[in-house]
Amino acid sequence: MYFSRKTKLFLQALSTIVFAFLYIPLLVILVNSFNPSKTFSWPPAGFTTTWWGKAVENEGVRTALLTSVKAGLGAMLISLLLGSMVAFAVARYQFFGREAISLLVILPIALPGIITGIALNSAFRTTLEPLGISFGLATVIIGHATFCIVVVYNNVLARLKRVGKSLEEASSDLGAGSWQTFRFVTFPGIRSALAAGALLAFALSFDEIVVTTFTSGAGIQTLPQWIFDNLFRPNQAPIINVVAATLIALFALPVWLSQRLSEGAASGRI
Amino acid sequence: MRANLAPQNELRASSWLHRHEKSRLAILLSAPLFWLIVAYLGSLFSMFISAFWSVDSFTGSLVKTFTWENFQTLITADVYRRIALRSISVALMVTIIDALLALPIALFMAKVLSPRKRQLLVVLLLLPLWASYLVKAYAWRTLFANGGVLDWLLNPFGLGTPGYGLAATTIVLCYLWLPYMILPIYAGLERLPNSLLEASSDLGAGGGRTFRSIVLPLVYPSLIAGSIFTFSLSLGDYITVKIVGGKTQLFANVIYDNVGTAGNLPFAAAAAMVPVITVLGYLFLVRRSGALENL
């Protein structure tokens, strides 16, 4: 239409190359998890499932996985609550400083993770430790929730703006109380956006390592931390590779689901 | 019908809430703002303050008296200036390469493909974006290894893996942040009306001319929005360079090492100001482009 055939072919060729660039490393991980060579000599000389068996039995992996799931769920719940509250305030009210809120919410993810990490680390040391709360799962959850708020906020805000106010007004004109309006009108309208935000928040938390490093203390270890700690030990390489392959496969799920739930609303946003 | 009406006391509460809009707003905003302003901005501020403290070199304890010492060391020591310059050039390089890769692919997705295929490609882009950061960096470590996939691919051409170093770090950072560049540009292009492109080609412009005179100026804010991500993320990264950088040091490593092994938190806080100020400076430079509304 607007592009000549030559331009289209050029764009298509480039896009194919870029997508190959994006996917080849991930595919190599998947293939290498069945590579019998401990140093992943390429091309693989055979096929083995030994590493998968060893990874499943690995105590460190299992503990770290459990910690990551707990941290992810905690961060998800807090950010779901806080993120949707801010989104409601911004979408439905006029107030001083409304424009600044988006900036405030995005700041924890826009600033480099190491900055958020150090800032929270020194703040926890001075405020929480005197209260008897030491570094551990709680501090990790606080840190993760801080940067997860933005994904819930973005999803819920976009939905609230699209749904509009008229149905809620109709509901209260017809005699429904605030709670009834929320329960029967607002909530069904934003349910899928909440779910999409929650999934993305969980995924974001599950993957995070930098803020985690500074907020976890010595006692606990999330899965990314376990991977990083074992990365430079040649003996552990095949097991790390299996964990990595599993994570690649697992991550496809929440992204696909959240895309379905938000009908592409989140596509342009992080 | 009566059963569907709200009970009396709930009605009273909700009509009170209805009349007091300010209270509703206060209830909604109190907890999130406490979290973000008191806890988060408060932490950032206290870190900023601690950048002016020092550490007693004998006891290793914090000395909470004001000093410019950390900043003086940062500015005068040759090694820090070199590392800072290296980090900023890597971040700029990553941003430019990603922009060059992202523009054609976003254009292809938004303006050439059918809507159904377009959705599929968006999902295909989001998948690697959400796949674990660490896993992706690790994947490249195995690609770059001696006797790894890159060697196998390039050896027939007389080339080989560049090995772990600055080049590998730049490539991996480009890889990691590419979707962050493609997605905003794609969203910007989707908003660009097709009629403009049709008008341009009706008036006799070729693909290249349309791209330069129509697409590029209109998609510029989205491009800048993407560059904020690629620039800031590259500047704050210390993990990738540890995984594929060999002995290379970037500025975030200086911060990290001072928190960890050196245990000099005030110096780390002062060093952390360098990326913060650089990113804020970048945001200030691009604020007029309208990019901040495109984040």
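Residues numbered from 1 in each chain as written. Chains lettered and ligands numbered in written order. Predicted model: local features only at pLDDT ≥ 70, side-chain atom pairs only at ≥ 80, totals over all residues.

A. Looking closely at the overall build of chain B. Across its full length, chain B carries 13 helices and two strands. Its C-alpha atoms give chain B principal-axis dimensions of about 75 × 65 × 40 Å. Burial status across chain B gives 43% buried among its 295 residues. Sequence separation of 24 or more characterises 74% of the internal contacts of chain B that already satisfy a separation of 6 or more. (Helix = DSSP H or I, 4+ residues; strand = E, 2+ residues; numbered from the N terminus. Buried ≥ 20, exposed ≤ 12 C-beta atoms within 10 Å, placed from the backbone. Contact = placed C-beta atoms within 7 Å.)

B. Focus on the overall build of chain A. When you go through chain A residue by residue, the secondary structure sums to eleven helices and zero strands. For chain A, the sequential pattern of α-helices and β-strands runs α-α-α-α-α-α-α-α-α-α-α. If one aligns the C-alpha atoms of chain A with their principal axes, the spans along those axes are about 70 × 70 × 30 Å. With 270 residues in all, chain A has 50% of them scored as buried. Partitioning the contacts of chain A with sequence separation of at least 6, the portion at a separation of at least 24 is 79%.

C. Local environment of the environment of B:Asp237. Residues and elements named next belong to chain B. Tracing the backbone shows Asp237 in the loop between α10 (207-235) and α11 (239-244). Along the chain, Asp237 and Leu173 lie 64 residues apart, while their C-alpha atoms are 8.7 Å from each other. Residue contacts for Asp237: discarding those within four places in its chain leaves Leu173, Leu250 and Ala252.

D. How the structure looks around helix α4 (residues 98-110) of chain A. For α4(A), which comprises 13 residues, the first-to-last C-alpha distance of 19 Å matches the rise-based estimate of 18 Å (1.5 Å per residue) to within 8%. Of the surrounding elements, those touching the buried residues of α4(A) are α3 (59-92), α5 (113-127) and α6 (137-163) of chain A together with α2 (21-50) and α10 of chain B. (Expected span 1.5 Å × (residues − 1).)

E. Fine view of the interface of chain B and chain A. With 80 residues of chain B at the interface, the matching set in chain A holds 72 residues. For the side of chain B that touches chain A, the element with the most residues is α2(B), which contributes 14 residues. Tallied by class, the residues present in the side of chain B that touches chain A amount to 59 nonpolar, 17 polar and four charged. (Nonpolar A, V, L, I, M, F, W, Y, C, P; charged D, E, K, R; others polar.)

F. Layout of the packing of helix α3 (residues 69-76) of chain B against helix α13 (residues 265-286) of chain B. Residues and elements named next belong to chain B. Between α3 and α13, the least distance of the axes is 9 Å, while the angle of their chain directions is 55°. One element, α3, and the other, α13, form an angle in the oblique class. α13 is crossed by α3, and the crossing has right-handed handedness. Residues Asn70, Phe71 and Leu74 of α3 touch α13, and the partners they reach there are Pro266, Phe267, Ala270, Ala271 and Val274. Its residues placed into classes, the contact of α3 with α13 shows seven nonpolar, one polar and no charged. (Axes fitted to C-alpha atoms, helices over the stretch in contact; angles between N-to-C directions. Parallel < 35°, antiparallel > 145°, perpendicular 65-115°, else oblique. Left-handed = near helix turned anticlockwise from the far one by under 90°.)

G. Region of the structure containing the confidence of the model for chain A. Across chain A, the average pLDDT comes to 85, with 96% of residues at 70 or higher. Segment residues 264-270 of chain A: pLDDT under 50, and 16 contacts once partners within four positions in sequence are set aside and those in other chains are kept. (pLDDT = per-residue confidence, 0-100.)

H. Spotlight on the nonpolar core. Core analysis: the biggest nonpolar cluster contains 167 residues, and A:Ile118 and A:Ala201 have the highest contact counts within it. When residues of this core are sorted by domain, at least three fall in each of domain 1 (2-50) and domain 2 (77-294) of chain B. Every residue in contact with A:Ile118, bar those within four places of it in the chain, is listed here: A:Phe214, B:Met47, B:Ile255, B:Val259, B:Ala268, B:Ala269 and B:Ala272. (Core = buried A, V, L, I, M, F, W, Y, C linked by C-beta atoms within 7 Å. Domains from an automatic or database assignment.)

I. Here's a closer look at the confidence of the model for chain B. On average, residues of chain B score 85 in pLDDT, and 92% of them reach the 70 mark or higher. Taken together, the chains of this predicted complex give a pTM of 0.83 and an interface ipTM of 0.79.

J. Representation of the packing of helix α4 (residues 78-112) of chain B against α10(B). Residues and elements named next belong to chain B. In contact at an axis separation of 9 Å, α4 and α10 are set at 140° when each is read in the N-to-C sense. Considered as vectors, α4 and α10 are oriented oblique to each other. Relative to α10, α4 is oriented so that their crossing is right-handed. Of the residues in α10, those touching α4 at Ser87, Val90, Ala91, Val94, Thr95, Asp98, Ala99, Ala102 and Leu107 are Val215, Leu223, Gly226, Ser227, Thr230, Phe231, Ser234 and Leu235.

K. Looking closely at the environment of A:Ile114. The residue A:Ile114 is located in helix α5 in this model. A:Ile114 gets classed as buried once you count the C-beta atoms within 10 Å, which come to 27. As for A:Ile114 and A:Val211, which are separated by 97 residues in sequence, their C-alpha atoms are 6.4 Å apart. With near-sequence residues (within four places) excluded, A:Ile114 lies in contact with A:Val210, B:Gly236, B:Tyr238, B:Ala252, B:Ile255, B:Tyr256 and B:Ala272.

L. Inspection of the environment of A:Leu73 at higher detail. Residues and elements named next belong to chain A. Looking at the secondary structure, you find Leu73 in helix α3. Note on Leu73: 16 C-beta atoms within 10 Å, which makes it partly exposed. For the pair Leu73 and Ser205, spaced 132 residues apart in the sequence, the C-alpha separation amounts to 8.6 Å.

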